[in-house]
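Residues per chain, in single letters:
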Amino acid sequence: MKKYIYIIPVILLLGACKKFLTVEPKLNVDQSQAIVDAGSAGTATNGLFNTLASSGYYGENFPAISYLAGGDIQWTGSQSDASDINKHLTSSTNGYILTAWTTIYETISQANYIIADVPKVTDPLFTTATRNQYLGEAYFIRALAYFDLARGWGGVQLILKPTTTPADNTGIPRSSLADTYAQVLKDLNTAETLVPSAVNRNRVTQKTVWALKARLYLYTQQWALAEQYATQVISDATDYTLVTPYSAFFANNAVATKESVFELAYTVSNTNGHSTWWLPPALGGRREWAPNTGLVALLNNPAIGGNRSALIAQTAPPGNLWYGQLYYRQPLGTDPAYVIRIAELYFIRSEARAEQGNLSGSLADLNAVRARAGVPASTAATLSDLLLALEKEREVEFPFETDRFFNLVRTGRAQTVLSLPDTHLYLFPIPYSQTLVDPELAGANANPGY
Amino acid sequence: MEIFTRKKKLKKYIRPFAILTLFIIPYLVKAQTTTPLINSTLDGLVLDSLTKEPVAGAIAHIKGTTHAVATDVRGRFNFVTGQKFPYTLIITYLGYKTKEIIADGSPITIKLAETLNQLNDVVVVAYGTQTRKSLTGSVSTVKVDDIRDKPQATFEQQLQGQAAGLQISASTGVPGDSMFIRIRGTTSINAGNDPLYVIDGVYVNSSSLQTITTEGQADNPLSDINPADIESISVLKDADATAIYGARAANGVILVTTKRGKRNTAPKVSLNTYFGAAWAPKLWDLVTGPQQAEIINTMYKNSEADAIAAGNATAIAQYAVQPFRALTDNPTASPAPRGLPQDQQTYDRLHDAFRTGFLQNYDGSISGGNDKTTYYIGAGINTQQADLKTNDFRRASFKVNIDQKINDIFTIGTSNSLSQTYRTNARVGDGPQGGVLQSALHTPTYLPEVNADGSPARWAGFDNLDVLLNNTNMHSTSDRLISNFYLEAKIAPDLKFRSSWSIDYNTYNEYQYWDSLTIIGIANHNLGTSSISTNTVWSDEQTLTYSKNWGKHTFGVLVGNSLEGTTTANTTANGTNFPNDSYTLISSAASTTASATEAEYRLSSFFGRVNYNYDEKYYAEFNLRADGSSRFGANNQFGYFPSAGVAWRLKQEDFLKDVAVVNDLKLRGSYGLTGNQNNINDYASRGLWGAGANYQNNPGTLPTQLANPNLKWESTRQADIGVDASLFNSRLNVTADVYDKFTSNLLLNLPLAVSSGFSSILENAGEMSNKGIELNITSTNISAEHFKWTTNFNIATNVNKIVKIPSPIVAAYAAERMVQGLSMYTFFVYKQLYVDPKTGNAVYDDARHDGGTLKPTANDIEADGSALPKYTGGVNNSFTYKNFDLNVSFNYEIGNKVYNNNAYFLEGGGTRDANRAIDTRQLTAWTTPGQITDMPRLTALGDNYTISPTSRNIEDGSFLRLSNANLGYKLPHSLTNKIGVSSIRVYVSGTNLWLLTKYRGPDPEVNVSSSPTVLGYDLGTPPIPRTVQIGANVTF
């Protein structure tokens, strides 16, 4: 029956076909096709904003580790990661810290791809203005990411090139805090020349760059420059102003108000889950984080909180539990993430002026924010009084944003004000898992005390 | 009339192996038709000598002629022949001793005795069958009769304790959920540890398609298969038996053969049914409301005292006022007063969540055949309610197997199983929202179920239990077709070609709807999700087999190739913001989102096998498979998997031939390589960017994966030495194996420094070792006229060790870590050494050796046992007395640890305050100096209850379970014959009837997650139910 034997070679040929074993993905594209023209450069930049706004970074996690450590929040939930930060028991295995660290570096990585690949794109439809905008945004976001790493963890490894193989970007030692801030400034200077000047609160413009520069100079105590850049933004009063009342920047589904210098936007299909942690179950949340008794008292005090009492509300009897309602848009999840508000620039300028001896100018800036909140003007008259007044003002102005803890650490006041057991808590731990995989973060290279 | 029973040394060509025999019959019958002369007519009846049951399908053959017939379903046969009485009949039937009897007149009744000898049992192996005596590899077979009628949704669960080296651990009490299955240990971390399942030649998907979370185990796709249709199950364990499946064989292979009709038999109808009940034999013990109040008050009091001692002003203020105080006592202080402890009520949610579930099963089949065609048609309906409410399982299945001989050369056949499995699901396991068991177990007992205004009360992030029990709307439907078509051509007497085409097609359709009373519903103004997944596995295989005898030399060759593809796709639609609870479909939602995914991978393979034996004394076998996978990059696309096995039947040697006590003795040895690439992403070797990272409704992209063009197969080399002995007239059969499995090139998601922008990359980087011993003893203890007692005892031990891993990996549940030098599923905890009787404080092991002056840090976390058992196995006894039969099966695991994560939450020393219920064991906490206890003093300060995980929650999970008992009675044949039924058996049976364990939770056989890196994690998992059922098996 030899005639059947012919079946065999036919089948063998079929099986050997190399093409049979080549299956292209449909959900993804190969990395070589990632940034090749104007369109893909644009989508990569959108992806960068997406990661910046993701729950691991400004969407939820990074503000959370700041305010959970900031002394005004009580933790009522089950998650020990949040609890530990809240109780100043943060350990190097803390998941929130790891998530923030990871997402910030992912943001940097994406910026690095854009910075490396967008200049190489040849596409007649790719205008210089658009190309510059994408590049400028990438430089700015990288600057913001390194700034956040610096204020959270101190000097860090500066990764400035994209990773294409596992061997890339390894063996890089941690930079000093000064060098990290220097890199932030360098990127901001580059961004400043590339980004557009027209107002856009959800993307990066010159004003956005200036605002972050003002904050950077405040952290590096270059008071004159801090004042200068704060002024450059504040002086554009038609576009940036303290909205009245306080709640106008967030209540009634407001987005991108004149209060915001940089605000990350969310849509129904790209949601912000922040409200889940704050709202009580009756409103669809878990209320695992809530304002503590002290903060409730401050916000409800007409002479201190003023109309900032709109930040909190109480559940129905008999519970009568206070909850935060800065993030409240359930189920849409469209609460913005507030990165830089104009109120902060007033505080920056106030502090910078006070440090330079301009006490009246300082007081005026402080009282501008107080007036908007409907509280009596401060009468602080000395440098120390003004600094103390600013410290207290930030507590009620930014209780649910990324602010108070970092400023208390910056001014060296955190241990006193927050009753911290030890100053090693001024820096977050280098995540334990990272100390295991990266020798440059292990042992003495890790943050001490953890 | 019996003349004698001769122990016949069966030659290969007449061994009673069904298919071969059936092949021969038509020729025999055909030969007979040329003999028209009729000299005698004989009516015969063949019965089982012990049970007196008719034996259907036995072959009666007149000695010295080619004339043979088969018995019908009532055991009857009839000869109309040219032979004159007396003549000698030879009766053969698989599993029975061949009998010769002189026929001298009609009618005649012949009693066949079951053979105890397993040597000639046919064992299904890769691409064929072999007799047990000729096996060179390690293969366990499970007699389906021994496990029938177990009210379990999945055939795998019925295999528990049935085969040495096959570890099967149920993870939850929810019917049809996935299980933990290992053949000879855990070989992989990422690439899957499930064996390869082949059902009638179809490669069957065993990975769940479920996408809508039930927060714990996933649905098990193998529960789509009706166990009643299964004829036999082979478990292939060593390299010799498995290597021909190459790249997917490292975790062993389970071959399932379904029932087929027998040639020349009258239609046999078989009906089975049972009804039963299932309930949880043990639940948790929670404290009462007043007890919880006292515990929390004590915690406040102690914490305040500790705070004062430490001078911690914040804590002093925080714990100054105890919450359970009179409502008028300091009403404005925080926390607000909740009333005195003795005024608290106790609300039992736990028992509300459980029920006695109803089980029922109906299945029936008809099978038979003529000389050219055989058929098996089966159908079944099975419904099961879990012990935990709202989890229901229903399966309807339909089965058709047909074989058709076209002519002397060609035979075609097909196997088809069509089923629909419907489940109503509930969230069990982890996660507070929507979790039925979490809500029932973890909500503090003093908190009422309804608010003062009558609305459902929700506490501590948990849903209201009544709302969940009445409003949970989660269900899934799995439609499954498992189908094979083959063509066989007998090209020459010794050469056979076979082409086999298979498909496993599964559509999995899920829906969930959370209404306005559930937390998820509130958060989303109701939420609906529809998810439709499809999975298609197709394969096309051709094989050519050749076998030849030259005197004492027997030689066989098999070559083949195989093409295979798997496509998975999913479409998910999500709706939020519904008008009200009456609108439950996504079209009614104000906001909708949707997504679709699709992935495919392909395998192209060539394989071959050569086997040889000399005089049935020396055996050798060699296998090779080459597999190419689209999952791997060009550099390493093909993997080669050879194996060799040898066997020596000492019984055939002169020195043993006359030793009566030894009926057979065989030594086996094998060595080979197998591969693994399951569970990894279809595009794992590629550098990829993905989309969906949108901003302001503009599409966004981002890098998702680093490329690794060198990615390749995990490869497992295995050496096996085994012995098979049959002693004392084959009444004692012993199989023992020693094996050494070593897996290299483990596919690991190696953690990268996240500063690179990537958390991990898949690389071949680790090594894992499994060494073990298996022992299987089957003994016929008593075999008398009316009474038979057989025992099967099996035990296996496996030592697992992660030999090489670049850096430790923390499992999906963080108390388990994978660390070089330790076994998989090792728990890492703060080890509590003791509770200081003077202070009541927990003293933890200072693994860091810093003198215990600091708070225990992450570095003090140390290994404390593994969730892998040291020994697993089963003891199965079966008794037959006249018409009664009794099966009693035990299974056991010894030496495994369980992380009692429920206890972590429920024994928080009161520090969880109003957020969690409290277990009664908390009442043993230290209170007075001198007290010896392992439950430290209640305080929120210090380390007593503030660090986790601790060894307090690591418990011994060893158990011995009476997994099944089945007592049956066969109605007398004389009675059933009158009503035209050949057999009626009624039975009462039960599962999980008794459990011996030290574990404090309801059941140590638990696992919260189907993640391959998690085992023995008890969190919100419903316990395995106890069931009792009555049933009947009828054939006619």
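Calculation rules
Residues numbered from 1 in each chain as written. Chains lettered and ligands numbered in written order. Predicted model: local features only at pLDDT ≥ 70, side-chain atom pairs only at ≥ 80, totals over all residues. Helix = DSSP H or I, 4+ residues; strand = E, 2+ residues; numbered from the N terminus. Rg over C-alpha atoms; globule rule 2.2 N^0.38 Å. Buried ≥ 20, exposed ≤ 12 C-beta atoms within 10 Å, placed from the backbone. Contact = placed C-beta atoms within 7 Å. Domains from an automatic or database assignment. Nonpolar A, V, L, I, M, F, W, Y, C, P; charged D, E, K, R; others polar. UniProt positions renumbered as here; feature names shortened; annotations may be inferred. Pairing = 2+ DSSP bridges. Axes fitted to C-alpha atoms, helices over the stretch in contact; angles between N-to-C directions. Expected span 1.5 Å × (residues − 1). Core = buried A, V, L, I, M, F, W, Y, C linked by C-beta atoms within 7 Å. Left-handed = near helix turned anticlockwise from the far one by under 90°. Parallel < 35°, antiparallel > 145°, perpendicular 65-115°, else oblique. pLDDT = per-residue confidence, 0-100.

Chemist: Help me understand the overall build of chain A in this model?
Modeler: A count of helical and extended segments in chain A gives 17 helices and 7 strands. For a compact globule of 450 residues, the expected C-alpha radius of gyration is about 22 Å, and chain A comes in at 25 Å, within 12% of that figure. The dimensions of chain A, computed from C-alpha atoms along their principal axes, are 105 × 55 × 50 Å. Out of the 450 residues in chain A, the part that is buried amounts to 56%. Contacts spanning at least 24 positions in sequence make up 67% of the contacts within chain A whose residues lie at least 6 apart.

Chemist: Help me out: how do you make sense of the overall build of chain B in this one?
Modeler: Each helix and strand in chain B was counted, giving 13 helices and 49 strands. What you see for chain B is a C-alpha radius of gyration of 32 Å, in line with the 31 Å of a compact globule of 1036 residues. With the C-alpha coordinates aligned to their principal axes, the bounding extent of chain B is approximately 115 × 65 × 65 Å. The buried share of chain B, reckoned over its 1036 residues, is 53%. The long-range fraction of contacts in chain B, counting pairs at least 24 apart against all pairs at least 6 apart in sequence, stands at 69%.

Chemist: Just checking my understanding: could you explain the domain arrangement of chain A for this structure?
Modeler: How big an interface is tends to be stated in terms of the accessible area lost upon association of its parts. Residue and element names in this part refer to chain A. Assigned domains of chain A: these are domain 1 (37-195) and domain 2 (274-335). Distance from the C-alpha centre of domain 1 to the C-alpha centre of domain 2: 29 Å. Opposite the 11 residues of domain 1 that make contact, domain 2 presents 10 residues. In terms of residue count, the dominant contributor to the side of domain 1 that touches domain 2 is strand β2 (residues 73-75) (3 residues). Residue classes in the side of domain 1 that touches domain 2 are distributed as 4 nonpolar, 5 polar and 2 charged.

Chemist: Which parts of the structure should I look at to understand the UniProt feature "domain: RagB/SusD" (unreviewed entry) in chain A?
Modeler: Feature annotation in UniProt places "domain: RagB/SusD" (unreviewed entry) on residues 334-416 of chain A, given in this structure's numbering. Across residues 334-416 of chain A one finds 65% helix and 6% strand; the C-alpha atoms that close the span lie 37 Å apart.

Chemist: Whenever I open this one, the sheet that holds strand β4 (residues 76-81) of chain B confuses me. Can you help?
Modeler: Pairing between the strands of a sheet comes from backbone hydrogen bonds, and it takes one of two forms, parallel or antiparallel. Residue and element names in this part refer to chain B. Strand order in the open sheet made by the 3 strands is β4-β1-β7, with mixed pairing throughout. Bordering the open sheet on either side are β4 and β7 (108-112), each of which pairs with just one other strand. On average, each strand axis in the sheet is inclined to that of its neighbour by 25°, with strand direction left out of account. Here 5 bridges tie strand β1 (residues 40-48) to β7, and the two strands are oriented parallel to one another. In the sheet register, L47 faces β7, and the bridge partner there is K111.

Chemist: Would you explain the UniProt feature "domain: SusD-like N-terminal" (unreviewed entry) in chain A in this entry?
Modeler: In the UniProt entry, the feature "domain: SusD-like N-terminal" (unreviewed entry) is given for residues 71-218 of chain A. Segment residues 71-218 of chain A splits into 59% helix and 2% strand. End C-alpha atoms: 22 Å apart.

Chemist: It is not clear to me how the pairing of strand β46 (residues 959-970) of chain B should be interpreted in this structure. Could you clarify?
Modeler: Consecutive side chains along a regular strand alternate between the two faces of the sheet. Residue and element names in this part refer to chain B. The pairing of strand β43 (residues 884-894) with β46 spans 10 bridges and is antiparallel. What sits directly across from Y892, in β46, is L960. As defined by bridge partners, β46 adjoins strand β47 (residues 983-997) across 11 bridges and the pair is classed as antiparallel. Residue pairing in the sheet places N966 in a bridge with S989 of β47.

Chemist: Looking at this model, I keep getting lost on helix α12 (residues 342-355) of chain A. Mind explaining?
Modeler: Residue pairs three or four apart in sequence face the same way in an α-helix, which turns once every 3.6 residues. Residue and element names in this part refer to chain A. Taking 1.5 Å as the rise per residue, α12 with 14 residues should run 20 Å; its terminal C-alpha atoms sit 20 Å apart, in good agreement. Within α12, 13 of the 14 residues are buried, which leaves it mostly tucked inside the rest of the structure. Positive backbone phi, approximately 90°, marks G357, located one or two places after α12.

Chemist: Quick question: what am I supposed to make of the nonpolar core here?
Modeler: Side chains that are nonpolar tend, in soluble globular proteins, to be buried together. Counting residues in each nonpolar core, the largest one holds 287 residues, and the members touching the most others are I65(A), L68(A), F140(A), A143(A) and A214(A). For this core, the element with the highest residue contribution is helix α6 (residues 128-153) of chain A, accounting for 14 residues. Of the residues that make up this core, three or more belong to each of domain 1 (37-195) and domain 2 (274-335) of chain A. Not counting the four nearest positions on each side in its chain, F140(A) is found in contact with L188(A), A191(A), V195(A), V204(A), T208(A) and V209(A). By size, the runner-up hydrophobic cluster in this structure holds 21 residues, among which are F79(B), I101(B), A103(B) and I110(B).

Chemist: Would you explain the sheet that holds strand β10 (residues 139-143) of chain B in this entry?
Modeler: Residues and elements named next belong to chain B. Ordered by their spatial adjacency, 5 strands build an open sheet running β10-β15-β16-β13-β14, and the pairing between neighbours is mixed. Since the sheet does not close on itself, it has two edges, and those belong to β10 and β14 (202-204), each with one partner. Direction aside, neighbouring strands of the sheet carry axes that sit 25° apart on average. Here strand β15 (residues 230-236) pairs with strand β16 (residues 253-258) via 6 bridges, running antiparallel. Across the sheet, the residue bridging to I230 is T258, located in β16.

Chemist: Any chance you could explain the interface of chain A and chain B here in plain terms?
Modeler: Between chain A and chain B, the contact holds 77 residues from the first and 69 residues from the second. Residue assignment for the side of chain A that touches chain B shows that the elements contributing at least two residues are α1 (7-16), β1 (28-30), α2 (38-52), α5 (95-117) and α17 (432-437) of chain A. In terms of residue class, the side of chain A that touches chain B is built from 34 nonpolar, 37 polar and 6 charged. As paired elements, β1(A) and strand β30 (residues 688-691) of chain B share 3 bridges and run antiparallel to each other. Across the sheet, the residue bridging to D30(A) is L688(B), located in β30(B).

Chemist: Is there a simple way to explain unusual backbone geometry in this structure?
Modeler: The phi torsion of most residues other than glycine is negative, and most of the peptide bonds are trans. For the bond running from T244(A) to P245(A), omega is -10°, close enough to zero to count as cis. Mapped onto the elements, P245(A) comes out in the loop between α9 (223-234) and β3 (260-264). Note that the residue after S948(B), namely P949(B), is joined by a cis bond; omega there is -5°. Following the sequence through the fold, P949(B) ends up in the loop between α12 (901-906) and β45 (954-956). For R184(B), which is not glycine, the phi torsion reads 55° and is therefore positive.

Chemist: When you look at the environment of I586(B) in this model, what are you seeing that I'm missing?
Modeler: All names here are of chain B. Mapped onto the secondary structure, I586 falls in the loop between β25 (553-576) and β26 (591-614). The class for I586 is buried, based on 20 C-beta atoms found within 10 Å. Put simply, I586 and N401 are 185 residues apart on the chain and 41 Å apart in space, counted from C-alpha to C-alpha. When residues no more than four places from it in sequence are discounted, the contact partners of I586 are G528, S530, A573, G575 and T592.

Chemist: Can you walk me through the environment of L732(B) in this structure?
Modeler: All names here are of chain B. Mapping L732 onto the fold places it in strand β33 (residues 732-751). Classification of L732 by C-beta neighbours within 10 Å gives partly exposed; the count is 18. C-alpha separation for the pair L732 and T791, spaced 59 residues apart in sequence, amounts to 9.6 Å. With sequence-adjacent residues up to four places away left out, L732 is seen in contact with L727 and S779.

Chemist: Looking at this structure, how should I read the packing of α9(A) against α12(A)?
Modeler: Two packed helices can be described by the angle between their axes and the distance between those axes. Residues and elements named next belong to chain A. Look at α9 against α12: their axes get within 8 Å of each other, and the N-to-C directions meet at 145°. Of the two elements, α9 crosses α12, and the hand of that crossing is left-handed. Of the residues in α12, those in contact with W223, A226, E227, A230, T231, V233 and I234 of α9 are I342, L345, Y346, I348, R349, A352, R353 and E355.

Chemist: Help me out: how do you make sense of the packing of helix α8 (residues 206-219) of chain A against α9(A) in this one?
Modeler: Residues and elements named next belong to chain A. Two numbers describe how α8 lies on α9: the axes approach to 8 Å, and their chain directions differ by 155°. Judged on the interaxial angle alone, α9 and α8 are roughly antiparallel. Along this stretch, α8 crosses α9, giving a crossing that reads as left-handed. On α9, the residues touching K207, W210, A211, K213, A214, Y217 and L218 of α8 are L225, A226, Y229, A230, Q232 and V233.

Chemist: What's the story with the confidence of the model for chain B in this structure? I'm lost.
Modeler: Detailed reading of the predicted coordinates is not advisable wherever pLDDT falls low. Residues and elements named next belong to chain B. Looking at chain B, pLDDT values average 88 and 95% of them are 70 or higher. The low-confidence segment residues 1-35, where pLDDT is below 50, has 37 contacts with residues more than four positions distant or belonging to other chains. Confidence estimates for the predicted assembly give a pTM of 0.82 and an ipTM of 0.89.

Chemist: Looking at this model, I keep getting lost on the environment of T735(B). Mind explaining?
Modeler: Note on placement: T735(B) falls in strand β33. Leaving out residues up to four positions away in the same chain, T735(B) has contacts with G722(B), D724(B) and N776(B).

Chemist: When you look at helix α14 (residues 383-397) of chain A in this model, what are you seeing that I'm missing?
Modeler: Residue and element names in this part refer to chain A. The first and last C-alpha atoms of α14 sit 20 Å apart over 15 residues, in line with the 21 Å expected at 1.5 Å per residue. Of all the positions in α14, only L386, A389, L390, E393, R394, E395, V396 and E397 are classed as buried. Where α14 is buried, its residues meet α11 (293-300), α12, α13 (359-373) and α15 (404-410).

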